[in-house]
Each structure stands twice: as structure tokens, then as C-alpha cells.
Amino acid sequence: MSLVLRSFLISLSLGLCITTVTPAQEYTSAADRLSWYQKHVEMKEASEYKDLKWQFLGPTNVSGRVTDIAATTPRGKTYSIYAATASGGVWKTDNEGTTWKPVFEHGISTSIGDVTISPSNQDIVWIGLGEANIFRSSMAGAGVYKSIDAGKTWQHMGLTFAHTIPRIIVHPTNPDVVYVADSGHEWTDNPERGLYKTVDGGKTWERVFYVDEKTGVIDLAMDPQNPDTIYAATWQRIRKRWNDPRNDPDYAGSGIHKSTDGGKTWHPINEGLPEAKFRGRIGIDLCATQPNVLYTFIDNYDIAEKQPDGDATDSYGRPRSKVIKGAQVYRSDDCGESWRMVSDSNDYMRGLSSTYGWVFGQTRVDPNDPETVYVMGLALNVSNDGGKTFRRLGGMHGDHHALWINPDDSNYLINGNDGGINLSYDGGKNWRLFTDQIPVVQFFNVMYDMDSPFHVYGSIQDHGSMRGEVAIRMNQDGTRQMRPVEWERAPGGEGSSHAIDPDDPSIVYSAGFYGQISRSELESNARGKQLLPKPDPQDPPVRGQWIAPFILSPHNPRVLYHGMNFLYRSMNRGDDMRKISPDLTNNLVDQIGDIPYQTISSISESPFQFGMIYVGTDDGNVHVTYDSGANWKEIENGIRPNRWISQIEASRHTDGTVYMSQNGKRNDDMTPYLWKSTDFGESWQSIVANIPSGPINVIREDPKNKNVLYVGTDLGVYVSNNGGIQWQVLANQLPTTFVSDLVIHPREDIMVISTHGRGMWAMDVRSIQDPNYKPTPPEQPEPRGRFRRGGR
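Residues numbered from 1 in each chain as written. Predicted model: local features only at pLDDT ≥ 70, side-chain atom pairs only at ≥ 80, totals over all residues. Heavy atoms only, no water.

Looking at this structure, how should I read the overall build of the chain?
Across its full length, the chain holds four helices and 58 strands. Against the compact-globule benchmark of 28 Å for 792 residues, the chain has a radius of gyration of 27 Å, which places it among compact chains. The dimensions of the chain, computed from C-alpha atoms along their principal axes, are 90 × 75 × 60 Å. Burial statistics for the chain: of 792 residues in total, 62% are counted as buried. Summarising the internal contacts of the chain: among those between residues at least 6 apart in sequence, 56% fall at separations of at least 24. The centroid of the 78 positive side-chain charges in the chain is displaced by 4 Å from the centroid of its 96 negative side-chain charges. (Helix = DSSP H or I, 4+ residues; strand = E, 2+ residues; numbered from the N terminus. Rg over C-alpha atoms; globule rule 2.2 N^0.38 Å. Buried < 20%, exposed > 50% of the residue type's maximum accessible area, 1.4 Å probe, protein only. Contact = heavy atoms within 4.5 Å. Lys, Arg positive; Asp, Glu negative; His and termini not counted. Charge placed at Lys NZ, Arg CZ, Asp CG, Glu CD.)

I'm lost on the confidence of the model for the chain in this one. Help?
One rule of thumb: low pLDDT means the predicted coordinates there are not for detailed reading. Considering every residue of the chain, the mean pLDDT works out to 93; 94% of them sit at 70 or more. Every residue in residues 1-24 is under pLDDT 50, and counting partners more than four places away or in other chains gives 51 contacts. Taken together, the stretch residues 787-792 has pLDDT below 50 and engages in zero contacts with residues farther than four places along the chain or on a different chain. (pLDDT = per-residue confidence, 0-100.)

How should the sheet that holds strand β12 (residues 194-198) be read in this particular structure?
Across a sheet, paired strands are connected by hydrogen bonds in the backbone, their directions being either parallel or antiparallel. Within the open sheet, the four strands sit side by side as β10-β11-β12-β13. Their pairing is antiparallel. Where the open sheet ends on each side, the last strands, each with one partner, are β10 (167-170) and β13 (206-209). In this sheet, neighbouring strand axes are inclined to one another by 30° on average, regardless of whether the strands run parallel or antiparallel. Where β12 lies against β13, three bridges are found, and the strand directions are antiparallel. Looking at β13, one finds that Tyr 196 is bridged to Arg 207. (Pairing = 2+ DSSP bridges. Axes fitted to C-alpha atoms, helices over the stretch in contact; angles between N-to-C directions.)

Please clarify how unusual backbone geometry should be interpreted in this entry.
Keep in mind that most residues, glycine aside, have a negative phi and that most peptide bonds are trans. Pro 74 follows Thr 73 through a cis peptide bond whose omega is 0°. A cis amide bond, omega -5°, links Gly 694 with the succeeding residue Pro 695. Relative to the helices and strands, Pro 695 resides in the loop between β51 (685-686) and β52 (696-701). Of note in this structure, Ala 150 is not a glycine but carries a positive phi near 60°. Along the polypeptide, Ala 150 turns up in the loop between β8 (144-147) and β9 (155-156). On the basis of relative accessibility, which here comes to 13%, the residue Ala 150 falls in the buried class. Despite not being glycine, Ser 354 has its phi angle at roughly 55°, a positive value. Note that Ser 354 resides in the loop between α3 (347-352) and β22 (362-365). Residue classification places Ser 354 among the partly exposed residues on the basis of a relative accessible area of 33%.

Hey, could you run me through the pairing of strand β27 (residues 413-417) in this one?
If a strand is regular, its side chains alternate between the two faces of the sheet. The buried fraction of β27 is high, at five of five residues. What you see with β27 is no split at all: Leu 413, Asn 415 and Asn 417 on one side and Ile 414 and Gly 416 on the other are buried throughout. Sheet analysis places β27 next to strand β28 (residues 420-424), joined by five bridges and oriented antiparallel. When the bridges of β28 are listed, Gly 416 appears paired with Ile 421. Between β27 and β28, which pair antiparallel in sequence order, lie two residues.

Quick question: what am I supposed to make of the nonpolar core here?
Counting residues in hydrophobic clusters, the biggest one holds 22 residues, and the most contacted among them are Tyr 231, Ile 256, Leu 273, Ile 284, Leu 294, Trp 339 and Trp 358. For this core, the secondary structure elements donating two or more residues are β14 (215-222), β15 (230-236), β18 (279-287) and β19 (290-303). Ignoring sequence-local partners within four residues, the contact set of Leu 294 consists of Tyr 231, Ile 284, Asp 285, Leu 286, Tyr 330, Arg 331, Ser 332, Cys 335, Gly 336 and Trp 339. Counting residues in hydrophobic clusters, the runner-up holds 21 residues, among them Tyr 37, Ala 84, Ile 108 and Ile 112. (Core = buried A, V, L, I, M, F, W, Y, C linked by side-chain atoms within 4.5 Å.)

Would you mind showing me how to read the state of the cysteines here?
By definition, a disulfide links two cysteine residues through a covalent bond between their sulfur atoms. A complete count under the given rule lists zero disulfides for this structure. Free cysteine Cys 335: the closest other cysteine sulfur is in Cys 287, separated by 12 Å. For Cys 335, a relative accessible area of 26% translates into the label partly exposed. (Disulfide = S-S within 2.5 Å.)

I would appreciate a short explanation of the environment of Leu 286 in the present structure.
For Leu 286, the position within the fold is in strand β18. The exposure class assigned to Leu 286 is buried, which follows from its relative accessible area of 6%. Placed 276 residues apart in sequence, Leu 286 and His 562 show a C-alpha to C-alpha distance of 52 Å. When residues no more than four places from it in sequence are discounted, the contact partners of Leu 286 are Ala 221, Met 222, Asp 223, Pro 224, Tyr 231, Pro 291, Val 293, Leu 294 and Val 365.

I would appreciate a short explanation of helix α2 (residues 30-46) in the present structure.
Helical geometry note: an α-helix holds 3.6 residues per turn, so side chains three or four residues apart project in the same direction. Compared with the 24 Å implied by 1.5 Å per residue over 17 residues, the 25 Å span of α2 between its first and last C-alpha is a close match. Taken together, the buried positions of α2 are occupied by Ala 30, Arg 33, Leu 34, Trp 36, Tyr 37, Gln 38, His 40, Val 41, Met 43 and Lys 44. (Expected span 1.5 Å × (residues − 1).)

Is there a simple way to think about the sheet that holds β52 in this case?
With respect to topology, four strands assemble into an open sheet ordered β52-β53-β54-β55, the strand pairing being antiparallel. Two strands in the sheet have a free side with no partner beyond their single neighbour: β52 and β55 (728-730). Strand-to-strand, the axes of this sheet are offset by a mean angle of 25°, without reference to chain direction. Sheet contacts for α2: β54 (717-720) and β55; angle to β55, the most-contacted strand, approximately 80°.

I tried to follow the environment of Gly 64 on my own but got confused; where do I start?
Relative to the elements of secondary structure, Gly 64 occurs in the loop between β1 (55-58) and β2 (66-71). Under the relative-accessibility criterion, Gly 64 is labelled buried at 3%. For the pair Gly 64 and Pro 308, spaced 244 residues apart in sequence, the C-alpha to C-alpha distance is 32 Å. Residue contacts for Gly 64: discarding those within four places in its chain leaves Asn 417, Asp 418, Gly 419, Gly 420, Ile 438 and Val 440.

I keep staring at a negative patch on the surface and nothing clicks. Help me out?
A cluster of acidic residues, Asp 503, Asp 504, Glu 521 and Glu 523, forms a negative patch on the protein surface. With respect to the helices, strands and loops of the structure, Asp 503 is situated in the loop between β36 (496-500) and β37 (507-512). (Patch = residues over 30% accessible without salt bridge, like charges linked within 9 Å, V, L, I, M, F, W, Y side chains within 5 Å. Areas by Shrake-Rupley, 256 points an atom, 1.4 Å probe, with all protein chains shown as cover. Salt bridge = Lys/Arg side-chain N within 4 Å of Asp/Glu carboxyl O.)

Printed below as a string of C-alpha cells:
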């Protein structure tokens, strides 16, 4: 029995807090998620393809979002650092960053919200699953893991219902006393939110603080000189499919609470803070050497008196809402009993978190100087005058989420942001970057070209679009080898889908940022041509998904289909585009917000008939047209209502056969939904079979074998060699990771997957396509004649 399976059986036997879903709840129960992951692990070990290996493609020159940092002390005598990542597990260095390795890459989730070292026994390390920044692509966590051997092995310690864990605090002298903050599900209200405590090292848990099902604990601070004194910041929030987290008029749950008896009793400490209805995300910290001094960083939703002039749209082209006061810093000198605002309320502070303060909210106080405080937003900001003025620390990537300050040397800083982890020895004047050592790259998608060697394209969270060459080398035994490489910039933004002209690989189409689409020529330095026509001023604005889907017709690569809430078609490479559908979404007025929703999410044209087009939407609708959009028909018989259509794919082998996956992530529903129709979508049959867990992000049909199907989920990749009757796991060398997309190169028989947390990976699928396939060793060159020794 594997160590992972054994730890799960232990978790189940401990009687931990595992909730069961009620009929009124949509979200998946903790018990189901534990059970489904256990089945996934069993399938990995039993897979008939367990010897078939994945190969990492890179990028080797990009990293990704680091959500928390922990370091052993004292520095100079110990050199270990742990980096928690948003969706790439936990990485560790034991040599001050010279080399890094993943130490947690397999679990119910590899999204990490927090990593904490026990102060009294530094071999004990805790991680909380589920980043609390709740990006649109965040993965749900599932409780906590503990290591007692400095990260060599891990055991799941329960609290599986917790989807986001922003903070774990361990008692300074008793490693068995641990507090875990649960900030709640991302998409649904849930009654398990709150603060949990164990006094026996995680064997049992007690919830010691609770507000309501809409409000969780987003941050914690403990007085190191009196560890029974604990501060808990709460945040009332939910993400809707059509709105980012925001404050509704009746919100009153966000605030700060204090306990002086180890969590037995609590009282609010909000005197001097903004009104509860204006409090957004809250970060809190104290000065370790003067713990009466606390700072809190609040995202204030009160409307700013001064509104910006100029453009009425934001950086993504959406209508701009009124600007809120945003980032504000408050200070207390009496252990939180009263607060005063110390920061200015000016353009600098309003721009500190921009329009998405719910992503940030972290503050750190210098442990040795109560006048020095850091706040994290688009930049890492520091104040040396008690929060009155701030300045940016440069030399790093943007979007900051983590900071560790050496308690013995305040100039020693470790920072985490969307570009990775950075280390400074001089208070932030200079930084060591580890971009090429922690490849936790968050890809949204993948597409290939037909160049030789071919390239793969993808868009990356906060890094734009890139492409990498897939150079294939033949080994002596006939197997093929691909290696990780540095990637280069490509057309498109951080949220873009791509298509490359199959006849001319220098022509690249990219769509992103809520439906903007362009055509670029790689050989030219000219900006790509924008293709989406401007809407008539009399019409309501069109809506496009963050990564709007589009395809080139399999019948003619000059024909382009592009999905908003309408389907557009161009017959001339996008130069002229027109609507060929009505609004294919539900178009409910109360679900139109500041995030485009009720949009097309997947498009597929039948390879057998030009103009037979299948379209799925993010609100669960499916339509087909047989006549290039003249008439449309709903085809939803048998599928799960109101679930995102993550992929629809018309078969290239059998006319009338179409495959479809649905994704319940935005309902906190991890059920796998996978469908097949053999009658042009008139009826659908489930082909989930033995796939234990979703969400399912993508399904693809093999280009050469009609019985072979591939599926990508939040746990990895599955393959069926019998049309979906049974599935096998493809996991050798692959971390447990969110597989966002996959493609099979039709010429090279290479499958490439994009992961949202561990970059791109490739697999030679010839042995899957043909069970009788055997690698053929390359021909050896003819031996040359022998060299004869001796004179003339």
C-alpha cells in the first residue's frame, strides 16, 4: 500500500470533521473528495499505462505565483526555505536557493494557501490547501497536511471541507497546538468557515471561532510573548460567476476579533476602523518584539471622493466602476483595542491594489522595528515611518502575496509574487531571483502549429502568451525524447487562446481579455490586427469569456469562428466578421455583472460537414446549427443543467458523434461530467465510467484511433482505449496537477498538456493509438574501414 493511501486511511479513521452534503447543497462533500482522490491513487497504481512517461517541456525561464513562504532559523546556520505555490505544490531549498525541489506534489489538491514551520521543532511543517486569493482559475483546497520530517513525507490531517486556508499558526513552544484559518468556499456559502484549533497535533480539531456561513477567517496573528492572545481577521465574501468578490449593502461580517484565552472567548476590536459594510479583505500583523503594536491592511469599499478623469473603461476594456478608497493601513498601539488610520488616502494607495484588492491584503511588520511595515499589492511596498508614507521596492515581478522577514536580521527578506520567489539581503535594494528553478507555470491552454519542429503555444497567468519548440530526438531504443526549453514571447495576452494557420505557421490568431481577437504575423514587428467588429452603439455590449474560444474551420483555415455571447464567423481570416447566431446564452439580466458571464465557452465544427457547428456556453447551454447559423437547435437532453461546458468536440472519425465535458468548479461541484452523443447531440450518454473525480476541463478524441479518448481534470490525465467504457490514468512522472487543456499533434503523435501550475508536458502516444506498436531503433551508420597502424 502506498504512503499516500495509508495516510488517507489514517485520516478517515481519526474521526476528523468531514461534512456530508445535504440535498439543498450543490457543492461536493469532503467525504466524497477524500474517497474520489483515493480511487484516483488506486487507478494510478493499477493503470496498464503506468510505465508510459510524461516529459516536461518547460518553460524553463518562467515561474509562477508563490502564496506563502516559511524559512528555518537561525539563518547562516540553517538554509532551508519552503515556497508554497498557488497550484504547483510546495518547493524547498536546503542550500539558500542554489537548488530547489518539489516536496509536496501529490495530494487531494496541490493548491497551497499557507506553509508554516513549528517554531519549537522545525522538522514539523504544516501546509494548508487552497489559496485564499480566489482567482478565477483557483483550485479548491481540501484541508491540511503535516510533515514531521522536514517535508520528506506528508500525512493528511483532516479539515477536508476547507477549500481555502490563508493562515496556520503553531504555538511557539508546544508544537501540538495549532490554529488553522478557514476562509470558506470560493463560489458557495458554507457553514464550516471559521477558525479551528488542535491541541494534539492534528488528531482532533475544534472550531473555536465562527461568524456565519458567508464569513471566514482570512488572517491570524499571535502574540509570541503571550501565545494565548490571538487576533483573527474575518472576511465576508463570495465570488459569483458574473462578479468578482465585492461588498453587498448588507455585509457586516468583515472585521477583527481578539482572544486572550487561546480561543475560548472572543471580542470584536474594530474601534477606529471603517464601517463594517465598507470593510473588504483584511490583513493583520504585529511587531514580534513590541506586540502591543499591530497594523491592519484593509480594502475599503467606500466610494472615493476623487474619481479619475478620462477613459471610462478599465485595462481589460470593461466599463469602469466607480473607484473605491481601496488600500488603507491602520495602526494600534494598545493591542488592538483602538485603531487609527496612518496611511494617506491618495492615488498611490488607491492604486496599490488597483481594482482587485481581494487578491492581496497581506501586511508584515518588521519584527524588530514597529515603524517599518510592508503591504503587498501590485508591488511590494514599505513604510519606515509607521505607515504614513510608502514606497515601492523594485526589481521583482508584480502581484505580491508573501513576505518572510528574518527575525534576527530585518534586512533579510524573502518575497513571493506571481513571478516566483525572491531573496534580498539588503532590505529590498537588490534581489536574487529563482525564475528558472521553480517552474510552477500556470498555463490556461495549449495549441500546436504544423512547423517542423513544431511549437506549442499557451497563455500564462500574469506572464502573457508564450511558445516553445518541441524538438524530438530519437533514442537508441527507438523511443522519442523531448527536453524542457526556454520559451519565447508569442502573440496574445495572459488569458488568450491561440490558433495557427496550418499552411503558414507564421500566421497566429489569438483571443483573450474577454473576447478581443487579433491576427499576427510572426515575421513582422507590426501589432496584430484587431478582428472583432465594434458593436452598434444602439445594441447592448457583447460579452466574451476571459479566454474567449475560437477555431479555424477544419474545412478551410481561412474560415474563423469566434465565440462571445453570439457566434461570429469570418470567411477571410477575420478581415470581416459577422454574427451567425442569436444570443446562445440564458442572457439573464441579474447575472450580468462586472465579469462577463453567459458567454460561449466552446466551439466545434463537424469535419464531415461545413457549417455544422456545435456551441457550448458557460451557463450550460448547448446548441447546434446544420446550416452555418441560419437555424439553431438546443441539444441538452440528458446533460447536467447549469454547468459550464468546458469542451465540445465533434468526432473526426464518425459522422454524428460528438463528445462534451462539463465543469462544476464554479458551483464548488467536483463531480465529473462527461458525455457522448451518436445522434448529433439529440441525446447524450454519460461516459464518465470509472473516472472518480472532476472537475473535467477538457476531452479530446485521438486523431488516428476512434476508440481512444483523452480527458484532463484537476487531478491529471485519463485515457480510454475503448470509447469511454473504461478509463486509465496517465501519471508516470507527472505531478498531481490541474490539467487545463490538451492536444494531440496529428503528424507527430505527441500529446501535449497544459497545466495550471506545473508548465507543459508531453507524451508519445503511439503505443496508445496502436496496442501492437513497438519502437523501432534508428538505423545505425555503416561502419568505416579499420585504421591500420604502422608505417608506409
